Amino acid sequence: MLTVTLCCVALTASAKTPKEVFWEDLVPPGFNELAPPPVSSHESTMAQLQPNAPVVDELNGEFVKIPGFVVPLEGTEELTTEFLLVPFFGACIHVPPPASNQIVYVTFKEGVAIDDLYDAIWVTGTLSTKGWVGDIASVGYSMTGTAVEKY
C-alpha cells in the first residue's frame with residue numbers, strides 16, 4: 001500500500017513540472033530548415049522562407065517550458081497579452097521570420113510583464129500544434145502561457 005501511495009505522489013508532482021523544450025525539438029526529423037539569405041538592402045522585403053514548415057505533432061497538448069525572445073503583439077506598456085516567441089533576438093523585426101515551426105504564438109489572458117525585449121526568457125505553458133497567421137509571420141505553434149522567467 002505504501003508503494004502505491006508514493007507512486008501516485010510522484011506522478012502528481014511530475015505532471016506539474018514542465019518539459020524543457022528547445023528549438024531543435026520543434027523541428028520534425030528529416031526536415032530541412034533553410035537559412036535566410038543575407039539582407040542586401042534595408043529596403044528588401046521581409047518574406048518568410050518557410051511559412052508552412054511541419055510541426056512535431058507529439059508536442060500537441062504538452063505542458064512545456066521554452067526559451068526565446070519576445071516580439072510583442074498586444075498589450076499595454078506594463079502587461080503583454082500576446083507575443084511571438086522566437087529563437088533569436090531580432091527575428092520577425094530586423095531579419096526575415098524563421099520557419100513557421102521556429103515561432104510560437106503565446107497568449108496570456110491577464111497579461112504578463114516583459115521587462116526587457118533584449119533579454120532571453122523561459123515561457124511555460126501548454127503547447128499546441130494549432131498555428132497562427134499574422135501580419136508578421138505564419139506560426140507553427142501556439143501556447144497558452146502560465147509563467148515567464150529570466151533565462
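Residues numbered from 1 in each chain as written. Predicted model: local features only at pLDDT ≥ 70, side-chain atom pairs only at ≥ 80, totals over all residues. Heavy atoms only, no water.

Here we look at the overall build of the protein
For step 1, the next point in the chain: Counting its regular elements, the protein contains 1 helix and 8 strands.
For step 2, the next point in the chain: From first element to last, N terminus to C terminus, the protein shows the α and β order α-β-β-β-β-β-β-β-β.
For step 3, the next point in the chain: Scored against the burial criterion, the 151 residues of the protein give a buried share of 36%. (Helix = DSSP H or I, 4+ residues; strand = E, 2+ residues; numbered from the N terminus. Buried < 20%, exposed > 50% of the residue type's maximum accessible area, 1.4 Å probe, protein only.)

Concerning the pairing of strand 3 (residues 80-86)
For step 1, the next point in the chain: Counting buried positions along strand 3 yields 5 of 7 residues, so the element is predominantly enclosed.
For step 2, the next point in the chain: As defined by bridge partners, strand 2 (residues 63-75) adjoins strand 3 across 6 bridges and the pair is classed as antiparallel. Residue pairing for strand 3: Gly75 is matched across the bridge by Thr80.
For step 3, the next point in the chain: Turn length for the strand 2-strand 3 hairpin, with the two strands adjacent in sequence and antiparallel, is 4 residues.
For step 4, the next point in the chain: Summarising the sheet, strand 3 and strand 4 (residues 104-112) pair through 5 bridges and their orientation is antiparallel. Paired with Phe83 across the bridge in strand 4 is Val106. (Pairing = 2+ DSSP bridges.)

Observations concerning the environment of Phe88
For step 1, the next point in the chain: Relative to the helices and strands, Phe88 is located in the loop between strand 3 and strand 4.
For step 2, the next point in the chain: Measuring from C-alpha to C-alpha, the distance between Phe88 and Gln102 comes to 9.9 Å, with 14 residues separating the pair along the chain.
For step 3, the next point in the chain: For Phe88, the residues in contact, after removing those within four places along its chain, are Phe69, Val95 and Pro98. (Contact = heavy atoms within 4.5 Å.)

A few points about the packing of aromatic side chains
For step 1, the next point in the chain: Under the defined criterion, the tally for this structure stands at 6 aromatic pairs.
For step 2, the next point in the chain: Site record: aromatic cluster; members linked through ring pairs are Phe22, Trp122 and Tyr151.
For step 3, the next point in the chain: Directly above the ring of Trp122 sits Lys65, whose terminal nitrogen or CZ lies 4.9 Å from the centroid. (Phe/Tyr/Trp six-rings, centres within 6.5 Å; stacked < 30°, edge-to-face > 60°. Lys NZ or Arg CZ within 6 Å of the ring centre and 35° of its normal.)

A word on a nonpolar patch on the surface
For step 1, the next point in the chain: Among the surface-exposed residues, Phe89, Leu117 and Tyr118 lie close enough to one another that they form a single nonpolar patch of about 320 Å² accessible area.
For step 2, the next point in the chain: Within the fold, Tyr118 resides in the loop between strand 4 and strand 5 (121-128). (Patch = residues over 30% accessible without salt bridge, like charges linked within 9 Å, V, L, I, M, F, W, Y side chains within 5 Å. Areas by Shrake-Rupley, 256 points an atom, 1.4 Å probe, with all protein chains shown as cover. Salt bridge = Lys/Arg side-chain N within 4 Å of Asp/Glu carboxyl O.)

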